[in-house]
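Close look at the chain arrangement
Read off the chains here:
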Amino acid sequence: MPLLEISIVPVGTDSPSFSTQVTDEVRVIEEKDLKYELTPTSTVLEGDIDDLWEAAKQMHQKALEVGPERIVTNINIDHRTDKQMDMDQQIEKVENHLG
């Protein structure tokens, strides 16, 4: 299954904190019933590529709706076609190599 990592940063706000915006964006993911993992600097989603694109678009729009005049959205997609893959497998493989 494709993985999409997204990080949305508001620019030019009155506060250096944006946890409220992240919470709003995670609600978008939950409404779409997508599997996700929140990290300190981004969010990783797993699902059908069309669903991931739509979620990223809605998260981007949601970030603009709360008022900043500018946001920076970074997206990375890991889409493997030769075999099935998911977030848990990716983490498990690394942990197995660590011993």
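Everything below is about the structure shown above.
Read on for a plain summary of the structure. (Residues numbered from 1 in each chain as written. Predicted model: local features only at pLDDT ≥ 70, side-chain atom pairs only at ≥ 80, totals over all residues. Heavy atoms only, no water.)

A word on the pattern of salt bridges
Opposite charge on two side chains lets them pair, provided their charged atoms get close. Going through the model one piece at a time under the given rule, you end up with 3 salt bridges. When the shortest N-O distance is used, the salt bridge between D88 and K35 registers 2.6 Å. On the criterion of sequence distance, the pair formed by D88 in helix α3 (residues 87-98) and K35 in strand β2 (residues 35-38) is long-range, its members being 53 residues apart. Look at D88 and you get partly exposed, because its relative accessible area is 44%. K35 sits in the partly exposed class, given a relative accessible area of 36%. Residue R80 pairs with D82 through a salt bridge whose shortest N-O separation is 2.5 Å. (Salt bridge = Lys/Arg side-chain N within 4 Å of Asp/Glu carboxyl O. Helix = DSSP H or I, 4+ residues; strand = E, 2+ residues; numbered from the N terminus. Buried < 20%, exposed > 50% of the residue type's maximum accessible area, 1.4 Å probe, protein only.)

Here's the deal with the side chain of T43
With respect to the element layout, T43 can be found in strand β3 (residues 43-46). If we ignore the near neighbours within four places in the chain, the residues touching T43 are L4, E5, I6, I29, Y36, E37 and L38. (Contact = heavy atoms within 4.5 Å.)

Some thoughts on a nonpolar patch on the surface
There is a patch of nonpolar side chains on the surface, built from W53, I75 and I77 and spanning about 270 Å² of accessible area. Inspection of the secondary structure assignment puts I75 in strand β4 (residues 70-78). (Patch = residues over 30% accessible without salt bridge, like charges linked within 9 Å, V, L, I, M, F, W, Y side chains within 5 Å. Areas by Shrake-Rupley, 256 points an atom, 1.4 Å probe, with all protein chains shown as cover.)

Examining a negative patch on the surface
Taken together, the side chains of D48, D50, D51 and E54 present a region of like negative charge at the surface. Note that D50 resides in helix α2 (residues 49-65). (Lys, Arg positive; Asp, Glu negative; His and termini not counted. Charge placed at Lys NZ, Arg CZ, Asp CG, Glu CD.)

Considering α3
Helix length check: α3 (12 residues) gives 17 Å between terminal C-alpha atoms against 16 Å at 1.5 Å per residue, within 8%. For α3, the N-terminal cap is D86; the gap from its side-chain oxygen to the backbone nitrogen of D88 is 3.1 Å. At the C-terminal side of α3, G99 shows a positive phi close to 105°. (Expected span 1.5 Å × (residues − 1). Polar contact = N/O pair within 3.5 Å; in protein donor to acceptor, adjacent residues only side chain to side chain.)

A word on the nonpolar core
Ranked by internal contacts, the top residues of the largest apolar core, which has 13 residues, are L4, I6, I8, L34, L45 and M59. Going through the elements one at a time, β1 (3-11), α1 (19-31) and α2 are the ones with two or more residues in this core. Setting aside anything within four residues of it in sequence, one finds L34 in contact with I29, L45, E46, G47, D51, L52 and A55. (Core = buried A, V, L, I, M, F, W, Y, C linked by side-chain atoms within 4.5 Å.)

Focus: the pairing of β3
Judged by which residues are buried, β3 turns out to be covered on both faces: T43 and L45 on one side and V44 and E46 on the other are all buried. With 4 bridges connecting them, β1 and β3 associate as antiparallel partners. Across the sheet, L4 pairs through a bridge with L45, a residue of β3. When β2 meets β3, the two strands line up antiparallel, connected through 4 bridges. Bridging across to β3, Y36 finds its partner in L45. From the end of β2 to the start of β3, which pair antiparallel, there are 4 residues. (Pairing = 2+ DSSP bridges.)

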